[in-house]
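Take a look at the letters that make up each chain.
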Amino acid sequence: MSAGVKSYAAVDLGASSGRVMAGRVGPDSLELSEAHRFPNRPVRVPEGLRWDVLALYGGVLDGLRAAGQVDSVGIDSWAVDHGLLDADGALLGNPVHYRDARTEGAAEKVWARVPAEELYAATGLQYAPFNTLYQLTAARASAQFARAERLLLIPDLLTYWLTGEQGTELTNASTTQLIDPRTRDWAREVAERLGIDLGLFAPLRQPGDPAGVLRPEVLAETGLAGPVPVTAVASHDTASAVAAVPATGDHFAYICTGTWSLAGLELTAPVLTEESRAANFTNELGLDGTVRYLRNIMGLWLLQECQRAWGGPDLGLLLREAGAVAALRSVVDAGDEAFLAPGRMPERIAAACRASGQPVPGTRAEITRCILDSLALAHRRAVADARRLADHPVDVVYVVGGGTRNALLCQLTADACGLPVVAGATEAAALGNLLVQARAHGLVGDLAAMRQLLTRTQPLTRYTPRGDGARWRAAEARLAVR
């Protein structure tokens, strides 16, 4: 290995698949390759929708074996979901999926004790029916919860199984609605008013903190030679992805695309106004004291569910056919909770268009174009609202994640926002994960230095906006009068 270059394993778990990425980082080099990819298939059992976390852990072990000898391991995943452990540290059942229906009515129970506006002023988190706070409220009366002695968010649970050490990484903790984004510590008054014992959570960890070493049993199963440290990274995958935004200044917006689209700004302080709450913006914590001020948009989940309903047609063909369909013929609100649950997505999109008096998309190409136009429109609204609410200028929009492969969506986003779009890394979360590990070894410096390394080593694609925006404003007005 070259002098000053180290190898890392970045475990990156998404809502539909997991992957273990092998990376090599040096002062002027950054290489990433896929060691192992595996499906993440939730399972519907009699009690509801659950994550198959044992299959995920098996995929992680297979990936570490495939990655070979590394200097560190880091894990990031989606947010809010968690496992409950008993007094012996054993998992109490498979973690509940955030799309499970158990949280119906939970928010109203919370707001009866802490009104929504007070909750937002204290935690800065947008309303989403699956926030950890609402999951805990829904679980309170269950026998499983009564036995729980510890709650570990998904990356922390897998880290515990790898190392035997327990912790709660901060960026993911900030999605629980139990963190104060001003102090970057627990919102203790909120927890007390809601009767939530914060002792259920393991101590907070910062990105870059040591999280233990691989247990002897893990070393034996993966064939790695110890000691192999595990490093706490920005374990919410969006936090890692935003760390890998190849920005060169401060006046930018970002869109992390995948199953969800997370669109917003990187700020130095949260925006906790009532207007911000009404606009459903969230203040989640990022690297180096930053705040991820963003809106959650349903994202490519809409298209993924349509593909599943259609039997898995080729995405490239769908996009080419969608590109030939008239623009902005029909649009839907891509943030509508009506699209949250799985199943019958093409019919639900058609029904939404029918209900709003728009032409009903009938073919696969028309439905695909409706989805992409709707996502671009949602990106436009999120970027414009964030700029206004945070009083923060934006000169360019960076897109990272799975949507960077979708050139049509990137171009439509540039057209809708009226701003240049720069598409960065598809595997942005894995790169952010990797860079935090490298920083813990002194190979890179602060967040700006990490981004400079990204711009020097990763390919970027620029999309220039077309048109004057009038048609996008008209489409926006169509949704506003629903």
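Residues numbered from 1 in each chain as written. Predicted model: local features only at pLDDT ≥ 70, side-chain atom pairs only at ≥ 80, totals over all residues. Heavy atoms only, no water.

**So, the overall build of the protein**
Note the cut-off: Note on conventions: DSSP H or I runs of at least 4 residues are helices, E runs of at least 2 residues are strands, and numbering of each starts at the N terminus. Values of the radius of gyration come from C-alpha atoms, whereas the globule rule sets the reference at 2.2 Å times the count of residues to the power 0.38. Only heavy atoms enter the contact rule, under which two residues are in contact if any of them lie within 4.5 Å. Charge assignment: positive for Lys and Arg, negative for Asp and Glu; neither His nor the chain ends contribute. The location of each charge is read from NZ of Lys, CZ of Arg, CG of Asp or CD of Glu.
When you go through the protein residue by residue, the secondary structure sums to 19 helices and 21 strands. Computed over the C-alpha atoms, the radius of gyration of the protein is 22 Å, within 12% of the 23 Å expected from 2.2 N^0.38 for a compact globule of 482 residues. Principal-axis analysis of the C-alpha atoms gives the protein an extent of 60 × 55 × 45 Å. Taking contacts inside the protein between residues at least 6 apart in sequence as the whole, the part at least 24 apart equals 73%. With 46 positive and 53 negative side-chain charges, the protein shows a spacing of 5 Å between the two charge centroids.

**What about unusual backbone geometry?**
Here the residue pair Gly226 and Pro227 is connected by a cis peptide bond, since its omega of 0° sits within 30 degrees of zero. One can find Pro227 in the loop between helix H9 (216-222) and strand E14 (229-231). Even without being glycine, Asn280 reaches a positive phi, approximately 60°. Along the polypeptide, Asn280 turns up in the loop between helix H11 (274-278) and strand E17 (282-285). One non-glycine residue with positive phi stands out, namely Asp288, at about 55°.

**A look at empty space enclosed by the protein**
We count it as follows: Put plainly, a pocket is an open set of points on a 1 Å grid over the protein atoms alone with protein on both sides within 12 Å along at least five of seven lines, a cavity is a set where a 1.4 Å probe fits but cannot get out, and a lining residue has an atom within 4 Å of a point. Grid points are joined across faces, edges and corners, and a volume is the space filled by probe spheres set on the points. Residue type decides the class: Asp, Glu, Lys and Arg count as charged, Ala, Val, Leu, Ile, Met, Phe, Trp, Tyr, Cys and Pro as nonpolar, and the leftover types, Gly among them, as polar.
Counting across every chain of the model gives four cavities of 30 Å³ or more. In this structure, the largest cavity encloses a volume near 70 Å³. Together, 13 residues line the largest cavity, and Asp156, Thr159, Thr231, Ala232 and Val233 are the ones closest to its centre. Breaking the lining of the largest cavity down by element, the ones donating at least two residues are strand E6 (72-77), helix H6 (154-163) and E14. By residue number, the principal contributor to the lining of the largest cavity is H6, which donates three residues. Partitioned by chemical class, the residues of the lining of the largest cavity number six nonpolar, four polar and three charged. Along the walls of the second largest cavity sit Val325, Ala326, Arg329, Ser330, Pro361, Glu366, Arg369, Cys370 and Asp373, which together make up its complete lining. For the lining of the second largest cavity, the class distribution of residues is four nonpolar, one polar and four charged.

**Description of the pattern of salt bridges**
Let me state the cut-off plainly: Basic side-chain nitrogens of Lys or Arg form a salt bridge, by our definition, when they fall within 4 Å of a carboxyl oxygen of Asp or Glu. Accessibility here uses a 1.4 Å probe with only protein chains present; expressed as a share of the type maximum, an area under 20% marks a residue as buried, one over 50% as exposed, and anything in between as partly exposed.
Scanning all chains against the criterion turns up 25 salt bridges. One salt bridge in this structure joins Arg451 and Glu266, with 2.8 Å as the shortest N-O distance. Highlighted residues: Arg451 in helix H18 (residues 447-457) and Glu266 in strand E16 (residues 261-267), separated in sequence by 185 residues. For the pair Arg451 and Glu266, one class covers both residues: buried. Through salt bridges with shared partners, a single network forms among Asp12, Arg19, Glu34, Arg37 and Glu427.

**A few points about the packing of aromatic side chains**
Spelled out, the test is: When the centres of two rings from Phe, Tyr and Trp lie within 6.5 Å, Trp using its six-membered ring, the rings pair. Their planes under 30 degrees apart give stacked, over 60 give edge-to-face, and anything left gives tilted.
Applying the stated criterion across every chain, the model contains twelve aromatic pairs. With centroids separated by 4.2 Å and ring planes inclined at 35°, the aromatic side chains of Trp51 and Trp78 adopt a geometry described as tilted. In this pair, Trp51 sits in the loop between strand E5 (48-50) and helix H1 (53-67) while Trp78 sits in the loop between E6 and strand E7 (82-85), placing the two residues 27 residues apart along the sequence. Taking the relative accessible area as the measure of exposure, Trp78 reaches 6% and is therefore buried. Taking the centre distance of 6.1 Å and the plane angle of 50° together, the rings of Trp51 and Tyr98 count as tilted. Note that Trp51 is positioned in the loop between E5 and H1 and Tyr98 in the loop between E7 and helix H2 (106-113), a separation of 47 residues in sequence.

**Examining the packing of helix H13 (residues 315-323) against helix H15 (residues 364-390)**
Note the cut-off: For helices, the axis comes from a line fit to the C-alpha atoms of the stretch in contact; other axes are also lines fit to C-alpha atoms, and the angle between any two N-to-C directions lies between 0 and 180 degrees. Throughout this description, any angle smaller than 35 degrees is read as roughly parallel, any larger than 145 degrees as roughly antiparallel, any in the 65 to 115 degree range as roughly perpendicular, and the remainder as oblique.
Viewed as axis vectors pointing N to C, H13 and H15 meet at an angle of 80°, and their least axial separation amounts to 8 Å. Classified by the angle between their axes, H13 and H15 sit roughly perpendicular to one another. Contact with H13, carried on its side by Leu318, Leu319, Glu321, Ala322 and Gly323, involves Arg364, Ala365, Thr368, Arg369 and Leu372 of H15 and no other residues of that element.

**Details of the packing of helix H14 (residues 345-355) against H15**
Applied cut-off: Handedness of a crossing is defined here by the sense of rotation of the near helix relative to the far one, left-handed for an anticlockwise turn of less than a right angle and right-handed for a clockwise turn.
Axis separation between H14 and H15 bottoms out at 11 Å; the angle between their running directions is 70°. As summarised for this structure, H14 and H15 are arranged roughly perpendicular, according to the angle between their axes. In terms of crossing hand, the pair formed by H14 and H15 is left-handed. Along its contact with H14, which presents Pro346, Ile349 and Cys353, the element H15 presents Ile367, Cys370 and Ile371. Of the residues in the contact of H14 with H15, the class split is six nonpolar, no polar and no charged.

**Brief notes about the side chain of Glu266**
Where we set the bar: Under the rule applied, a polar contact is a pair of N or O atoms within 3.5 Å (in protein, one hydrogen donor and one hydrogen acceptor; residues adjacent in sequence only if both atoms are side-chain atoms).
By relative accessible area, which is 16% here, Glu266 ends up buried. At 2.8 Å, the side chain of Glu266 and the side chain of Arg451 are in polar contact. Among all residues touching Glu266, those that are not within four sequence positions of it are Val242, Phe252, Tyr254, Thr290, Val291, His392, Leu447 and Arg451.

**Quick look at the sheet that holds E17**
Inclusion rule: Pairs of strands are assigned from DSSP output, requiring at least two bridges between the strands.
A sheet is described by the order of its strands in space; here seven strands give the open sequence E17-E18-E16-E15-E19-E20-E21, paired in mixed fashion. Whereas interior strands pair on both sides, the edge strands pair on one side only; in this sheet they are E17 and strand E21 (461-463). Between one strand axis and the next, the sheet turns through 30° on average, direction left out of account. As defined by bridge partners, strand E20 (residues 421-423) adjoins E21 across three bridges and the pair is classed as antiparallel. In the strand pairing of E21, Val422 is matched with Arg462. Lying over the sheet, H15 contacts strand E15 (252-257), E16 and strand E18 (291-297), oriented at roughly 145° with respect to E18.

**Focus: the side chain of Thr137**
In this fold, Thr137 is placed in helix H4 (residues 132-139). A distance of 3.0 Å separates a polar atom in the side chain of Thr137 from the backbone oxygen of Leu133. When residues no more than four places from it in sequence are discounted, the contact partners of Thr137 are Ala106, Lys109 and Val110.

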